[in-house]
Amino acid sequence: MTRRAHLQCAVVLLIVAGCSTPRATNEPSARTASAAVAHESPRPSRTLPSSSGQPGVAVGVHGAVATAEANASKVGLAVLEAGGNAVDAAIAIAFALAVTHPLAGNLGGGGFMVVRTARGESVAIDYREVAPLAATRDMYLDAAGNLTHDSVNGARAAGIAGTVAGLALAHERFGKKPWAQLLAPAIALARNGHVVDAYHADELKKAVERMRKAGFDGSTHYYVADDGSYIAEGATWKQPELASTLEQLATQGAHAFYAGELAQRIVAGVKALGGVWTAEDLASYHALAREPLRFSYLGREVVTMPPPSAGGIVLRQLLFASEEWHMREQPWRSPEAAHLFVEAARRAYADRNAWIADPDFASVPVATLTSSAYLHERMSTIDPAHATPSSAIKAGAANGAVESHETTHFSVVDDAGNAVANTYTLNASFGALVVAPGTGILLNDEMDDFASQPGKPNQFGLVQGERNEIEPKKRMLSSMTPTIIVENGQLRAVLGSPGGATITTTVAQLVRALIDYGEPLDAAVRAPRVHHQWLPDQVSTETELEPAIADGLRALGHTVNLATSGRIGHANCIEVDPATHGYRAVADVTRGDGSALAY
Ligand code: GLY
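On a predicted model such as this, the values are computed, not experimentally measured, just so you know.

What counts and what doesn't
- Here the residue numbering is sequential within each chain, running from 1 through the sequence in written order.
- Only residues with pLDDT of 70 or above have their local features reported here, since the model is predicted, and side-chain atom pairs are shown and tallied only from 80 upward, although totals for entire chains, interfaces and linings are computed over all residues.
- Note that the side-chain values use all heavy atoms of the structure and ignore hydrogens as well as water.
- For the purposes of this entry, the term helix denotes a DSSP run of H or I that reaches at least four residues, the term strand denotes a run of E that reaches at least two, and both are numbered from the N terminus.
- Think of it in three bands: with a 1.4 Å probe and only protein chains considered, a residue is buried below 20% of the maximum accessible area for its type, exposed above 50%, and partly exposed in between.
- Contacts are assigned to residue pairs that have any heavy atoms within 4.5 Å of one another.
- Computed with the Shrake-Rupley method and a 1.4 Å probe, the accessible areas treat only the protein chains shown as cover for residues.
- Take the number of residues in a helix, subtract one, and multiply by 1.5 Å to get its expected span.
- Every residue carries a pLDDT, the predictor's confidence in it, which falls somewhere between 0 and 100.
- Definition of nearness: a residue and a molecule or strand are near each other if at least one heavy atom of the residue lies within 4 Å of the molecule or strand.
- N or O atoms within 3.5 Å of each other form a polar contact, as long as, within protein, one can give a hydrogen and the other can take it, and as long as residues adjacent in sequence are counted only when both atoms are side-chain atoms.
- Throughout, the ten residues Ala, Val, Leu, Ile, Met, Phe, Trp, Tyr, Cys and Pro are labelled nonpolar, Asp, Glu, Lys and Arg are labelled charged, and all others, Gly among them, are labelled polar.
- If DSSP finds at least two bridges between two strands, the strands pair.
- A fitted line through C-alpha atoms represents every axis, and for helices the fit uses only the stretch in contact; the resulting angles, taken between N-to-C directions, go from 0 to 180 degrees.
- Salt bridges are identified by distance alone: a Lys or Arg side-chain nitrogen within 4 Å of an Asp or Glu carboxyl oxygen.
- To pair, rings of Phe, Tyr and Trp, with the six-membered ring standing in for Trp, must have centres within 6.5 Å; the planes then decide the type, stacked if under 30 degrees apart, edge-to-face if over 60, and tilted in the middle.

Examining the overall build of the protein chain
Across its full length, the protein chain carries 17 helices and 23 strands. When the 599 residues of the protein chain are sorted by exposure, 64% land in the buried category. Considering only residue pairs separated by 6 or more positions, the protein chain has 73% of its internal contacts joining residues 24 or more positions apart. Just so you have it, the protein chain exposes about 19,600 Å², and 54% of that area is on carbon and sulfur atoms.

Given below as structure tokens:
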């Protein structure tokens, strides 16, 4: 299939930078689609679900949010309580997180949003960054052909940011509240300041130290107190420059990010930092509304992200193997179940690495990779009694995702039953560690999700494939897996996580805990996770993994190592309790900060 044909398949609706009103193509008009967010499907009566009383859990019957930061959750809940729908709340949360959670919340990054309306329509909004027009295949190699750090640190690492266009597209399709109203809470948090909690005080300090070490002293003043000291827990942190940028987006609309005075300031700021963004890059950026990837798992419908995320395809492969190998017949927290799961992951990630990339640039055989016939064959090679060495699992060119923990996922449901699963990111914590001067916008280092050095291990020891090589305007491969589960035609769960390559195994383990074992969401989220991504040939896990599972895996021939940070993912999720139809929201507080609220 030609690139043009791929584009025609994928692009349903575009945000056209420079126009105050996004231009619809072959979808129902924005306002028609918006009407779908009204109470149009029979609403099951809800009563309050039980709560374990564990930290990070909230229950309600009208609406719920789960995010990585308390102020952002409050913003989202307030929008719902004021009659906004789940998409309105998601937009307000995303802008708020850009202020309060700069580890991953952003204006200068990108992500994916899966929306399912109460009447069952769903859409996957792709606002992934694209490579700048000046990008080249070898732009991160030195004269000797060795990989430099430029894909990770500094303005050259930044892909063209999609977040503002993505949120605008979501608003155009589904928004009920005025755009400016959804930015107002973020503006207030930035302009008047917000009180920094212990977790974020520590993360701000670490980010400033990393900026200094990388030589980006010019960006540190955004993240320290006026006297230059570190921002302490309990201090009020103001961000006037970011507030001004948000005010411009509120008054002029999302297009101000992509054309006009603010856009010029962003481009000038990036250039001053040595980056290659141009006015044309911003003006030609489009967020896309894609058909979600949908498949069935044990009678439930899974609605998830298609390429350029690998997340949906890998999730399908993992859950197919779970069904095919009757994994639910093994006890939930057992080495037998963990072994089958990591063997499935070994095979799924080998496929991921060989085949998946931006579908507008590479032919991705989605139908084959997700077909039962193919997966039956592929997963039949699992040996239930032994680990298969990854060297025995064949795939074409290899690839792997950097294990970045600082993407962020949030989930929202509203009274009507509309749901949003949103995962967005700057890639590494605090992205490229630089702020475009005069804007307060922290830049992403998403270019590192491309294969910067096809065919050779990158600085993380990963071997990367040709399909995901750098090309101008191409979206870099992602693992982000915002996912919605539907049961008997009704919403069952809104799931997702950060964690680079570990995102999809995290989501798959959540689905299995909920569906295979009937665990409540808080137990599913708390449970220690395992991860395998084909290469390196090891099971990564968390400090809390039950010794019996680790020992059992070793006895079957697996190498078991702690994940770099000792934790995997940060899943801020919501379920509809099967007994009461009420909402149970869970923030993954044992793995960092976070806040779930419901009413
Ligand atoms: N930057 C992490 C991901 O997109 O998978």
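Side note on helix H12 (residues 335-355)
Here H12 contains 21 residues, and its C-alpha end-to-end distance of 30 Å stays within 8% of the 30 Å for a straight helix at 1.5 Å per residue. The buried fraction of H12 amounts to 19 of the 21 residues, a majority that puts the element mostly inside the structure.

Quick word on unusual backbone geometry
Here the bond from proline 307 into proline 308 is cis, since omega is 20°, no more than 30 degrees from zero. In this fold, proline 308 is placed in the loop between strand E11 (300-304) and helix H11 (311-324). Of note in this structure, asparagine 427 is not a glycine but carries a positive phi near 80°. Note that asparagine 427 resides in the loop between strand E13 (419-425) and strand E14 (435-436). Taking the relative accessible area as the measure of exposure, asparagine 427 reaches 4% and is therefore buried. The backbone of histidine 581 shows a phi angle near 65°, a positive value even though the residue is not glycine. The class of histidine 581 is partly exposed, set by a relative accessible area of 33%.

Notes on the confidence of the model for the protein chain
Regions with low pLDDT carry predicted coordinates that are not meant to be interpreted in detail. Summing up the model confidence of the protein chain, the mean pLDDT is 90 and the portion of residues at 70 or higher is 89%. Across the protein chain, element-level confidence peaks in helix H4 (residues 86-100) with a mean pLDDT of 99 and bottoms out in strand E2 (residues 23-24) with 26. Counting interchain partners and residues more than four positions distant, the pLDDT-below-50 stretch residues 396-403 has 39 contacts.

Some thoughts on the site of the ligand
Inspection of the region around the ligand gives Arg128, Thr407, Asn427, Glu446, Asp449, Ser478, Ser479 and Met480 as its neighbouring residues. Separating an oxygen atom of the ligand from a side-chain N or O atom of arginine 128 is a distance of 3.0 Å. Glutamate 446 is positioned such that a nitrogen or oxygen atom in its side chain is 2.7 Å from a nitrogen atom of the ligand. Residue classes in the shell around the ligand are distributed as one nonpolar, four polar and three charged.

Considering the sheet that holds strand E10 (residues 293-297)
Strand order in the open sheet formed by seven strands is E3-E22-E21-E17-E16-E11-E10, with antiparallel pairing between adjacent strands. The open sheet is flanked by strand E3 (57-60) and E10, the only strands paired with a single partner. Recorded for the sheet is a direction-independent mean angle of 20° between the axes of neighbouring strands. Bridge analysis of strand E17 (residues 490-495) against strand E21 (residues 573-576) gives two bridges, and the strand direction is antiparallel. Bridge pairing in E21 places valine 494 opposite isoleucine 574. Across the sheet, H11 touches E10, E11 and strand E16 (483-487), and the angle it forms with E10 is around 10°. The strands that helix H15 (residues 502-516) touches are E10, E11, E16, E17 and E21; relative to E17, the one it contacts most, it runs at about 145°.

Concerning the pattern of salt bridges
The full count for this structure, using the stated rule, is 36 salt bridges. One salt bridge connects aspartate 351 with arginine 378, and the closest N-O pair in it is separated by 3.3 Å. Taken together, the positions of aspartate 351 in helix H12 and arginine 378 in helix H14 (residues 372-379) put the pair 27 residues apart, joining distant regions of the chain. As far as burial versus exposure is concerned, aspartate 351 and arginine 378 are alike and both buried.

So, the environment of serine 540
Mapped onto the secondary structure, serine 540 falls in strand E19 (residues 539-541). Take serine 540: its relative accessible area is 7%, and that puts it in the buried class. Along the backbone, serine 540 and threonine 502 are 38 residues apart, and their C-alpha atoms lie at a distance of 9.0 Å. Discounting residues that sit within four places of it in the chain, serine 540 has contacts with Arg529, Val530, His531, Asn561, Ala563 and Ile568.

Thoughts on the packing of aromatic side chains
Using the criterion set out here, one finds eight aromatic pairs in the structure. On the numbers, 6.2 Å between centres and 35° between planes, the contact of tryptophan 332 with tyrosine 517 is tilted. Taken together, the residues span a long stretch of sequence, with tryptophan 332 in the loop between H11 and H12 and tyrosine 517 in the loop between H15 and helix H16 (521-526) at a distance of 185 residues. A network of ring pairs unites the aromatic residues Tyr222, Tyr223, Trp237 and Phe430 as a single cluster.

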